[in-house]
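Below, each chain spelled out in residue letters.
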Amino acid sequence: RKLHNFVAAAGTLIDHTRRFVTAVGKNTDFETEHAAAIRVSFGDHGVSQFIRKLRNYVVHRDLPLITQQFHRTNASKKIRMATALSRDSLLEWKDWGSVANAWLQAQPTHIDLDRVAREYTTNVRSFHETFAKRATAFLATDLEFLKRGDEAIALARGTDVRPRPQPERSEP
C-alpha cells in the first residue's frame, strides 16, 4: 500500500505541475523553460524514470515482488532491515523505456527501496525549489497586483493587512 501511495503521489505531482504550467504560462517562455528543466532534471535520470514507470507498473500491471533484507554489520553489531524490490521480476515487464530499463539492469538483484525513494525525493525537491522560484518570478506582476488589491480592500474596510512582526523564538 505504501509503495502504491508513493508512486501514485509521484504521478499526481507530475500531473498537477503540468496543469499549473499550462494554466498560467501556456505558450510563454515560462512553459518553454519548464519543459527544458524537466528534460535536464528527469529525462536521463534513471531513478526518476524508474519511479514514473513503476507507477504504471503498479497501477496497471501488478504489485512488484517485495522482500525484506536483513543486514548485520560486524563493527556495530546492529541489524538493519531494508525493503527491497526484485530486479529480475521487474525486468520481465517490457514497458520500462530505455532509461529506466538501463537503470534497472545496473541495479543489484535486490533494489533497496528506501535508497531509491530518498534519491528520487532529493531530485524532486531540488527541482521544485527551483520551479517555485521560477514560478514566483514569472507571476511577480500578478502577485503584486493581488497584494495591492488586498491592501485596497483592507483600507476600505479600515483594517491593516501589513505583515505583523513575528516574536523571536528562543532556542531550548
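Relevant structure appears above.
Residues numbered from 1 in each chain as written. Predicted model: local features only at pLDDT ≥ 70, side-chain atom pairs only at ≥ 80, totals over all residues. Heavy atoms only, no water.

1. Focus: the overall build of the chain
Next up, step 1: Scanning the chain from N- to C-terminus turns up seven helices and three strands.
Next up, step 2: Scanning the chain from its N terminus toward the C terminus, one meets helices and strands in the order α-α-α-β-β-α-α-β-α-α.
Next up, step 3: Taken against the 2.2 N^0.38 rule, which gives 16 Å for 172 residues, the C-alpha radius of gyration of the chain at 22 Å runs more than 25% over that of a compact globule.
Next up, step 4: Taken along its principal axes, the extent of the C-alpha atoms in the chain is 65 × 50 × 25 Å.
Next up, step 5: Looking at the chain as a whole, 30% of its 172 residues qualify as buried.
Next up, step 6: Relative to all contacts within the chain whose residues are 6 or more apart in sequence, the contacts with residues 24 or more apart total 63%.
Next up, step 7: Per element, the accessible surface of the chain, about 12,300 Å² overall, is 54% carbon and sulfur.
Next up, step 8: Within the chain, one finds 27 positive and 20 negative side-chain charges whose respective centroids are separated by 6 Å. (Helix = DSSP H or I, 4+ residues; strand = E, 2+ residues; numbered from the N terminus. Rg over C-alpha atoms; globule rule 2.2 N^0.38 Å. Buried < 20%, exposed > 50% of the residue type's maximum accessible area, 1.4 Å probe, protein only. Contact = heavy atoms within 4.5 Å. Areas by Shrake-Rupley, 256 points an atom, 1.4 Å probe, with all protein chains shown as cover. Lys, Arg positive; Asp, Glu negative; His and termini not counted. Charge placed at Lys NZ, Arg CZ, Asp CG, Glu CD.)

2. Notes on helix H2 (residues 29-43)
Next up, step 1: Over its 15 residues, H2 extends 20 Å from the first C-alpha to the last, a length consistent with the 21 Å expected when each residue adds 1.5 Å.
Next up, step 2: Inspection of H2 places Phe 30, His 34, Ala 37, Ser 41 and Phe 42 among the buried residues, and these make up the whole buried set. Projected down its long axis, H2 carries its buried residues within an arc of 95°, all on one side. In H2, the exposed positions angled more than 90 degrees off the buried face are occupied by Asp 29, Thr 32, Arg 39 and Val 40.
Next up, step 3: Where H2 is buried, its residues touch helix H1 (2-25), helix H3 (46-60) and helix H6 (113-138).
Next up, step 4: Sitting at the amino-terminal end of H2 is Thr 28, which places a side-chain oxygen 3.2 Å from the backbone nitrogen of Phe 30. (Expected span 1.5 Å × (residues − 1). Arc of directions from axis to C-beta. Polar contact = N/O pair within 3.5 Å; in protein donor to acceptor, adjacent residues only side chain to side chain.)

3. Topic: the sheet that holds strand E3 (residues 110-112)
Hydrogen bonds between backbone atoms are what pair the strands of a sheet, whose relative direction is either parallel or antiparallel.
Next up, step 1: Read from one edge to the other, the open sheet built from three strands follows the order E1-E2-E3, with strand pairing classed as antiparallel. Looking at the sheet topology across the chains shown, the edges are occupied by strand E1 (66-72) and E3. For this sheet, the mean inter-axis angle between neighbouring strands, taken without regard to orientation, is 45°.
Next up, step 2: Contacts from H6 reach strand E2 (79-86) and E3, with the element oriented near 45° to E3. (Pairing = 2+ DSSP bridges. Axes fitted to C-alpha atoms, helices over the stretch in contact; angles between N-to-C directions.)

4. A short note on the pairing of E1
Along any regular strand, the residues point their side chains to alternate faces of the sheet.
Next up, step 1: Here E1 pairs with E2 via seven bridges, running antiparallel. Residue His 71 lies in a different strand from E2, and its bridge partner there is Arg 80.
Next up, step 2: Taking the residues between adjacent antiparallel strands as the criterion, E1 and E2 are bridged by six residues, where Lys 77 takes a positive phi near 60°.

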